[in-house]
Amino acid sequence: MRPKRIAILGSTGSIGKNALRVIDALGPEYEIVALTAHSNIELLAEQARRYKSRFVAITNADYATRLSELVGDLDVELLAGPDSLVEIAQLEEVDIVLTAVVGAAGLPAVLAAARKGKILAIANKEPLVVAGELLTRTVKENGGIILPVDSEHSAIFQAMQAGSREEVSKIILTTSGGPFRKATAADIQNVTLEEALAHPVWDMGPKITIDSATMTNKALEVIEAHWLFDMPVEKIEVLVHPESIVHSLVEFVDGSVIAQLGTPDMCFPIQYALTYPRRVTGIGKRLRLEEIGKLTFEKPNLETFRALSLGFEVARMGGTTAAVFNAANEAAVQEFLAGRIKFVNIIESIEHCLNKHSAKTSVSLEELLEADAWARKEVEKRAKEHKSIRA
Ligand code: NAD
Ligand code: MG
């Protein structure tokens, strides 16, 4: 049998590196055909060499010359610039596109892959949040499939196999609660970047780590679940589970609840997306419940984590609101990571944009991108104002 040919968009990131570890262990049935990165050319070149990747793309074209020097002796086709992601995503030589880039920047590529009917292993949740209706429709129309890599959505996808979609009464997304799980709204007023980056369970890229601290990540995941599983928002709940062993649950109409459990390691959902519908021996550490002892659950604190209630509201409203929610968050997280705004200004930026935005209900890709661009500008403008207030 021919090996499954894989493109990893964002191979130098946290998910990308884990995916390569999984593929190493899966053996010759899986072949890396294309790898991409934004700026880490040293690691990208090393990966291209090791996996004999036929295509390599660098989305930030400023690094193209340096990269071409690093891979000069390899038999590899080099692409550069943001559009190279789209070219890679639709290559005829690729069966599975694993999207592991960060942010809505991945949207054009994932749409291109969907139009080609590729198998889409999606870690990059932001495009699903921004353009969930368009993306899921395009996948359906072109005979493709989305296999979720986000751990909660992989858990739901697995649990859903215990019944039909009509038999599902609700989806319960779990969250570790992040570093500020026990904090009050007053406590988070002056948290530092270092405190926000210290996630208690997961080791991830900086953007999603901040999203987990504000719980915006869970808000994005509510919207992601709404589109992925075609579930009304009323049937989606969030439950805090600090041990991060139960990755999510599905309740069926008869009252039975099916959950997926495992040690908190992204290798599990990455592997399942790559081998689906099969299961094979993997590299993830086995769960020993006797070592864990106790699993606890609590309701999320909606006063501290306003992003969560907003996420539900945005999922209900639809149209351009999710694009604004996501873009405002992306821009604000960038400002926070750069030390230009405070932690609490992230949620304030999102609220400001949602309040000021005149939402459109029926939307085209152009309108979504327009809303996205507007929100980013708005946040940058506010960040400058914050700075001048502080100065
Ligand atoms: P990361 O920051 O570690 O890596 C991001 C990757 O994308 C890198 O390879 C980088 O070169 C590339 N990239 C950055 N900006 C880009 C741009 N503008 N255009 C093209 N490529 C760009 O991020 P991560 O933690 O691996 O997360 C990747 C995605 O997966 C995110 O959408 C995140 O929400 C989702 N996710 C991550 C985890 C996790 O454990 N890290 C879990 C669930 C979901
Ligand atoms: Mg997740």
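Please read these numbers as outputs of a predicted model, since none were measured by experiment.

This paragraph deals with the pattern of salt bridges. Here the structure, examined in full by the defined rule, presents 27 salt bridges. Taking the shortest distance from any N to any O, the salt bridge between Asp24 and Arg50 comes out at 3.0 Å. Residue Asp24 is located in helix 1 (residues 14-26), and its partner Arg50 is located in helix 2 (residues 41-51); the two are separated by 26 residues in the primary sequence. Since its relative accessible area comes to 37%, Asp24 is described here as partly exposed. Using a relative accessible area of 56% as the deciding quantity, one classes Arg50 as exposed. The residue Glu367 makes a salt bridge to Lys360 at a minimum N-O spacing of 3.8 Å. Lys360 gets classed as partly exposed once you look at its relative accessible area, which sits at 36%. Counted as one network, the salt bridges with shared partners bring together Lys125, Asp150, Glu152, Lys218 and Glu221.

Now for the sheet that holds strand 4 (residues 77-80). Strands belonging to one sheet form pairs held by backbone hydrogen bonds; the direction of such a pair is parallel or antiparallel. With respect to topology, seven strands assemble into an open sheet ordered 4-3-2-1-5-6-7, the strand pairing being parallel. With one partner strand each, in any of the chains shown, strand 4 and strand 7 (145-148) form the two edges of the open sheet. Neighbour-to-neighbour, the strand axes of the sheet open up by a mean angle of 20°, direction not taken into account. In this sheet, strand 7 lies alongside strand 6 (residues 119-122) in parallel orientation, the contact comprising four bridges. The partner of Ile119 across the bridge, within strand 7, is Ile145. Helix-sheet contacts for helix 2 involve strand 2 (30-37) and strand 3 (55-58), and the interaxial angle to strand 2 is about 165°.

Here helix 1 crosses helix 2 at 15°, and the two axes come no closer than 13 Å. With respect to their mutual orientation, helix 1 and helix 2 come out roughly parallel. Two packed elements cross with a definite hand, and for helix 1 against helix 2 that hand is left-handed. Every residue of helix 2 that contacts helix 1 at Lys17, Leu20 and Asp24 is listed here: Leu43, Gln47, Arg50 and Tyr51.

Further remarks concern the environment of Glu330. Considering the arrangement of structural elements, one finds Glu330 in helix 15 (residues 321-337). Taking the relative accessible area as the measure of exposure, Glu330 reaches 12% and is therefore buried. Distance in space between the C-alpha atoms of Glu330 and Pro108 is 17 Å, their sequence separation being 222 residues. When residues no more than four places from it in sequence are discounted, the contact partners of Glu330 are Gly103, Ala104, Glu126, Lys207 and Arg376.

We now examine the pairing of strand 4. Looking at chain direction, strand 3 and strand 4 are connected through four bridges and run parallel. By the bridge assignment, Ile58 is partnered in strand 4 with Ala80. One crossover worth recording links strand 3 to the parallel strand 4 by way of helix 3 (residues 64-70), and it is right-handed.

For the magnesium ion (ligand 2), the full set of protein donor atoms is Asp150 (OD), Glu152 (OE) and Glu221 (OE), and the range of their distances to it is 2.1 to 2.2 Å. Written as a sequence motif, the donor arrangement for the magnesium ion (ligand 2) is D-x1-E-x68-E. Of the two residues, Asp150 sits in the loop between strand 7 and helix 8 (151-159) while Glu221 sits in helix 11 (residues 216-228), which places them 71 residues apart along the sequence. On the basis of relative accessibility, which here comes to 7%, the residue Asp150 falls in the buried class. The buried category is assigned to Glu221, whose relative accessible area is 1%.

The rules behind each value
The residue numbering used here restarts from 1 in each chain and proceeds along that chain's sequence as written. Written order decides the labels, with chains lettered from A and ligands numbered from 1. Only residues with pLDDT of at least 70 get local features here, since the model is predicted, and only at 80 or more are side-chain atom pairs given and counted; chain-wide, interface and lining totals rely on the full set of residues. Think of the side-chain values as coming from all heavy atoms in the structure, minus any hydrogens and water. Definition used for salt bridges: Asp or Glu carboxyl oxygen within 4 Å of a side-chain nitrogen of Lys or Arg. Where helices and strands are cited, they refer to DSSP runs of H or I of at least four residues and of E of at least two residues respectively, numbered from the N terminus. Relative accessibility thresholds used throughout: buried, under 20% of the residue-type maximum; exposed, over 50%; partly exposed, between the two (1.4 Å probe, protein chains only). By this definition, two strands are paired if DSSP reports at least two bridges between them. To define axes, lines are fitted to C-alpha atoms, for helices over the stretch in contact only, and angles between the resulting N-to-C directions are given on a 0 to 180 degree scale. By definition in these notes, contact holds between two residues if any of their heavy atoms fall within 4.5 Å. Put simply, angles under 35 degrees are roughly parallel, angles over 145 are roughly antiparallel, angles from 65 to 115 are roughly perpendicular, and the rest are oblique. What makes a crossing left-handed is the near helix being turned counterclockwise from the far one by less than a right angle; a clockwise turn instead makes it right-handed. By definition, the crossover connecting two strands over a helix is right-handed if that path, from the first strand to the second, turns clockwise as seen with the strands pointing away from the viewer. Sites may look incomplete because water is not among the atoms; the donors themselves are N, O and S atoms within 2.8 Å of the metal, or within 3.2 Å for Na, K and Ca.

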